[in-house]
Amino acid sequence: MNIRKLSSLFTVFLLSLIIAISCTPNQQNSTPSNSTTSVNTAPVLVGFSAWPGWFPWQVSQEQKLFEANKVNVDLKWFDGYLDSINALRAGQLNANTQTLNDTISSVAAGSDQVIVLVNDNSTGNDKIIVREGINSIADLKGKKVAAEEGTVDHFLLLLGLKTAGLTQADIQFQPLETGAAAAAFVAGQVDAVGVFAPFTTKALSRSGSKELFSSKDFPGAIPDHLVVNRRLINERPQDVQALVNTWFTTLDFIKANPDKAYEIMAKRAGVSVSEYKAYDAGTKIFSIEDNLQAFSPGKDMKSLSYAAGEISKFLVEAGLTKQAPNLNQILDDRFVKAYAAKQKS
């Protein structure tokens, strides 16, 4: 083979190599980023359900804020909150909106879940509502009380009973899905019900009904979160970061466009805009500053690590979990901190 022919073949080889390299997708950094997108283009499956602190995700979807933050999301609505919890446990979702106590229960059952964002704290939108004639927690003794078993309002009910020296054994507990529980109360089939907004509106439509106590009486006991499975963090940290970024972008949109945002959220909730606005006082939406404080160590319920320990102990004492889970890896603040750092730069 002469030198000229060898040189020509080498040139062809180099051109082919250059073309192949130029057509190869760029690999992404494995650390959280505010600007990169994940190599994995499969949608992130995110579940959410009826709660004022989670309706902003509907705004995220309709205003294309996920796309603006470079994450492909398949946002899945669940009529039943417990169904969304079960879907994350079963691996049918990558992420879900959940309370702290329900996440702890899932981890105790063997699910590897991580809290990466605080959406809000319930400050009155979880309520124990009673019929006429029941005027104190002590009056619940022997009464039929409905709530969705294992969920946050069941937890709230037990917290309230404990203050009066009562346990679940002292009432006739009726385990019903939240919507069905509200309907049963309105129909006069039970004496009291534990429900969250917007189901509180339906329950309070019963003549003579009233709020007995609510989450405002137990500050910090019911924080609500974006929870992801650990696999998503390990394999697609950019997408987790983008989800967190989207939350704060959405809050900015709501602040700048309140009328449009309330219209979207009220429609998803199935209530009027005026009814939806009434939920505002019962839910404290968490800003980036609130998140940073919540993820910091502390000695009261404002600190997630402290609250997780207290709630874990309570769940075991109440028989809602058989044993306390390892809480060392249940919280991951790196994505919130990365967003905060980006805002300062």
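Quick caveat: nothing in here was measured; it's all calculated off a predicted structure.

## Some details on the overall build of the protein
Here is step 1 of the chain: Counting secondary structure elements, the protein contains 15 helices and eleven strands.
Here is step 2 of the chain: A separation of at least 24 residues holds for 77% of the contacts in the protein among residues at least 6 apart in sequence.

## Comments concerning the pairing of strand 1 (residues 44–49)
Here is step 1 of the chain: With respect to burial, strand 1 is a largely interior element, five of its six residues being buried.
Here is step 2 of the chain: Across six bridges, strand 1 lies against strand 2 (residues 73–78) in parallel orientation. Residue pairing in the sheet places Val46 in a bridge with Leu75 of strand 2.
Here is step 3 of the chain: The pairing of strand 1 with strand 3 (residues 95–99) spans two bridges and is classified as parallel. Residue pairing across strands places Gly47 opposite Asn96, the latter belonging to strand 3.

## Side note on helix 11 (residues 258–269)
Here is step 1 of the chain: Look at helix 11: 16 Å from first C-alpha to last across twelve residues, which is about the 16 Å you get at 1.5 Å a residue.
Here is step 2 of the chain: For helix 11, the full list of buried residues reads Ala261, Tyr262, Ile264, Met265, Ala266 and Ala269.
Here is step 3 of the chain: Structurally, helix 11 contributes buried residues whose contacts are with helix 2 (56–62), helix 10 (237–256) and helix 12 (273–277).
Here is step 4 of the chain: Directly beyond the C-terminal end of helix 11, a positive phi value near 75° is found at Gly270.

## Thoughts on the nonpolar core
Here is step 1 of the chain: Counting 103 residues, the largest nonpolar core has Trp57, Val116, Leu117, Leu140 and Tyr276 as the members making the most contacts within it.
Here is step 2 of the chain: A total of nine residues in this core trace back to one element, the largest contributor, which is helix 10.
Here is step 3 of the chain: The residues contacting Val116, other than those within four sequence positions of it, are Leu226, Val228, Ile233, Val240, Val244, Phe295, Asp332, Phe335 and Val336.

## Here's the deal with unusual backbone geometry
Here is step 1 of the chain: In this structure, the amide linkage connecting Ala197 to the following residue, Pro198, adopts the cis form with an omega of 10°.
Here is step 2 of the chain: Tracing the backbone shows Pro198 in the loop between strand 8 (192–196) and helix 8 (199–203).
Here is step 3 of the chain: One non-glycine residue, Lys64, lies in positive phi territory at about 55°.
Here is step 4 of the chain: Note that Lys64 resides in the loop between helix 2 and helix 3 (65–68).
Here is step 5 of the chain: Here Lys70, not a glycine, exhibits a phi torsion of approximately 60°, which is positive.
Here is step 6 of the chain: Looking at the secondary structure, you find Lys70 in the loop between helix 3 and strand 2.
Here is step 7 of the chain: Overall, Lys70 belongs to the partly exposed group, its relative accessible area being 43%.

## Some words on the pattern of salt bridges
Here is step 1 of the chain: Summed over the entire model, instances satisfying the criterion amount to twelve salt bridges.
Here is step 2 of the chain: Among the ionic pairs, Asp112 bridges to Arg230, the shortest N-O distance being 2.8 Å. Within this pair, whereas Asp112 is found in the loop between helix 5 (100–108) and strand 4 (113–122), its partner Arg230 is found in helix 9 (residues 230–235), the two being separated by 118 residues in sequence.
Here is step 3 of the chain: The partly exposed category is assigned to Asp112, whose relative accessible area is 42%.

## Comments concerning the confidence of the model for the protein
Here is step 1 of the chain: On average, residues of the protein carry a pLDDT of 89, and 88% of them reach 70 or more.
Here is step 2 of the chain: Within the model, pLDDT remains below 50 along residues 1–39, and this stretch shows 31 contacts once partners closer than five positions in the same chain are excluded.

## Focus: the sheet that holds strand 9 (residues 210–214)
Here is step 1 of the chain: Read from one edge of the open sheet, five strands run 7-6-8-5-9, paired in mixed fashion. The open sheet has two edge strands, strand 7 (172–175) and strand 9, and neither has a second partner. Averaged over all neighbouring strand pairs, the angle between strand axes comes to 25°, with direction disregarded.
Here is step 2 of the chain: With five bridges connecting them, strand 5 (residues 126–130) and strand 8 associate as antiparallel partners. Bridging from a neighbouring strand, Ile129 pairs with Val193 of strand 8.
Here is step 3 of the chain: The strands that helix 7 (residues 178–186) touches are strand 5, strand 6 (144–147) and strand 8; relative to strand 8, the one it contacts most, it runs at about 140°.

## Some remarks on the environment of Lys64
Here is step 1 of the chain: In this structure Lys64 comes out as exposed when scored by relative accessible area, which is 55%.
Here is step 2 of the chain: It is 9.8 Å that separates the C-alpha atoms of Lys64 and Thr250, two residues lying 186 residues apart in sequence.

## Remarks on the sheet that holds strand 2
Note on sheets: strands pair through backbone hydrogen bonds, and any given pair is parallel or antiparallel.
Here is step 1 of the chain: The six strands lie next to each other as 2-1-3-10-4-11, forming an open sheet whose pairing is mixed. Each end of this open sheet is capped by a strand with a single partner; those strands are strand 2 and strand 11 (283–285). On average, adjacent strands in this sheet sit at an angle of 35° to one another, irrespective of strand direction.
Here is step 2 of the chain: Relative to strand 3, helix 4 (residues 81–89) is tilted by about 130°, and along the sheet it contacts strand 1, strand 2, strand 3, strand 4 and strand 10 (223–229).
Here is step 3 of the chain: Contacts between helix 5 and the sheet are confined to strand 3, strand 4 and strand 10, with strand 3 contributing the most and set at about 115° to the helix.

What counts as what
Residues numbered from 1 in each chain as written. Predicted model: local features only at pLDDT ≥ 70, side-chain atom pairs only at ≥ 80, totals over all residues. Heavy atoms only, no water. Helix = DSSP H or I, 4+ residues; strand = E, 2+ residues; numbered from the N terminus. Contact = heavy atoms within 4.5 Å. Buried < 20%, exposed > 50% of the residue type's maximum accessible area, 1.4 Å probe, protein only. Pairing = 2+ DSSP bridges. Expected span 1.5 Å × (residues − 1). Core = buried A, V, L, I, M, F, W, Y, C linked by side-chain atoms within 4.5 Å. Salt bridge = Lys/Arg side-chain N within 4 Å of Asp/Glu carboxyl O. pLDDT = per-residue confidence, 0-100. Axes fitted to C-alpha atoms, helices over the stretch in contact; angles between N-to-C directions.

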